[in-house]
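Remarks on the overall topology
Read off the chains here:
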Amino acid sequence: MKKKVMGLGFLILFFGIAFGQDQMTQTAFEKLCDSTGLKFEMPKGYQVTDVKKNRDLMYSFAILNEDASMEIRYTIWSLKPAFERYKKSLENSNSTMISPNKMYQGTVQANLLNMTSGQMYNIGPFPTQAVKEEFNADAGGSCFFEFDCEFGKGYKYGQFMYLHKDDIADVIVTFMSNNKETHPDLMMVGFHALKFK
């Protein structure tokens, strides 16, 4: 009998379904964060903005600064449902599933390709000690790129940060702007707004 391997295709399908695109209030988003082991603090000068439906990267919360020069979008998913499926797969000798603690690597690559129409960019990992101290995460990294997708409509430049905490949750935070020179300073205002408890 052939073994079933649940890999990247399953991962993309699963995450596409898992995190939806429902509009959230700040209070609802904070509750979502709390339920997935995260803490959110609204950056100074930002307010909630509309979630725009798209086919590239699903997200459920977004904020915009006062002069609309930087938008930040948040994608969060709990690893709990994936771990329930993973535990069941371990009981079935005909099924093999990638550990949910390894899936974020493929998800990050797939989302980058979606946002750039297949253009590859270097995703730089954060040093382990730094990501632990600054975000209480087990892994993380960042990538600056130019948008070529529906998700990035209205913006030229994007920079996403991914965070992973073993057994708890995965996060993608996307910083969006139109000015390459001011992008780094604008991004730093909200860089530490979301972290694991």
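Before reading on, note that the structure itself is shown above.
Residues numbered from 1 in each chain as written. Predicted model: local features only at pLDDT ≥ 70, side-chain atom pairs only at ≥ 80, totals over all residues. Heavy atoms only, no water.

Okay, the sheet that holds strand β7 (residues 124-125) next. The strand order β3-β4-β5-β10-β9-β8-β7 describes an open sheet built from seven strands, whose pairing is antiparallel. Strands at the two margins of the open sheet, each flanked by one partner only, are β3 (46-48) and β7. The sheet contact formed by strand β9 (residues 157-165) and strand β10 (residues 169-177) spans nine bridges and is antiparallel. Each bridged residue has a counterpart across the sheet, and for His164 the counterpart in β10 is Asp170. Sheet strands in contact with helix α4 (residues 103-115) are β5 (71-78), β8 (139-146), β9 and β10, and its direction is about 170° off that of β9. (Pairing = 2+ DSSP bridges. Helix = DSSP H or I, 4+ residues; strand = E, 2+ residues; numbered from the N terminus. Contact = heavy atoms within 4.5 Å. Axes fitted to C-alpha atoms, helices over the stretch in contact; angles between N-to-C directions.)

Looking at the secondary structure, you find Gln159 in strand β9. Judged by its relative accessible area of 14%, Gln159 falls in the buried class. A distance of 2.9 Å separates the side chain of Gln159 from the side chain of Ser142, its partner in a polar contact. In contact with Gln159, not counting residues within four places along its chain, are Ser142, Cys143, Phe144, Phe145, Val173, Thr174, Phe175, His183 and Met187. (Buried < 20%, exposed > 50% of the residue type's maximum accessible area, 1.4 Å probe, protein only. Polar contact = N/O pair within 3.5 Å; in protein donor to acceptor, adjacent residues only side chain to side chain.)

Nonpolar side chains tend toward joint burial in soluble globular proteins. Counting residues in hydrophobic clusters, the biggest one holds 27 residues, and the most contacted among them are Phe40, Tyr74 and Leu194. Ranked by residue count, the leading element in this core is β10, at four residues. Here Tyr74 is in contact with Phe29, Phe40, Tyr59, Ser60, Phe61, Ile63, Ile172, Val173, Gly190, Ala193 and Leu194, once residues within four sequence places are set aside. Counting residues in each nonpolar core, the second largest holds 26 residues, with Val51, Leu57, Cys149 and Met176 among its members. (Core = buried A, V, L, I, M, F, W, Y, C linked by side-chain atoms within 4.5 Å.)

What follows deals with the environment of Glu133. Inspection of the secondary structure puts Glu133 in helix α5 (residues 128-135). Residue classification places Glu133 among the exposed residues on the basis of a relative accessible area of 60%. Separated by 2.9 Å, the side chains of Glu133 and Gln129 make a polar contact.

Locating Ala62 in the fold gives a position in strand β4 (residues 61-65). Separated by 36 residues in the primary sequence, Ala62 and Gln26 have C-alpha atoms spaced 9.3 Å apart. Setting aside residues no more than four positions away along its own chain, Ala62 makes contact with Gln47, Val48, Thr49, Asp50, Val51, Glu71, Ile72 and Arg73.

Before going further, it helps to examine the pairing of β8. Regular strands place their side chains on alternate faces of the sheet. With six of eight residues buried, β8 is to be regarded as a mostly interior element. As paired strands, β7 and β8 are joined by two bridges and run antiparallel to one another. The residue of β8 that forms the bridge with Gly124 is Ser142. Here eight bridges tie β8 to β9, and the two strands are oriented antiparallel to one another. Residue pairing in the sheet places Ser142 in a bridge with Met161 of β9.

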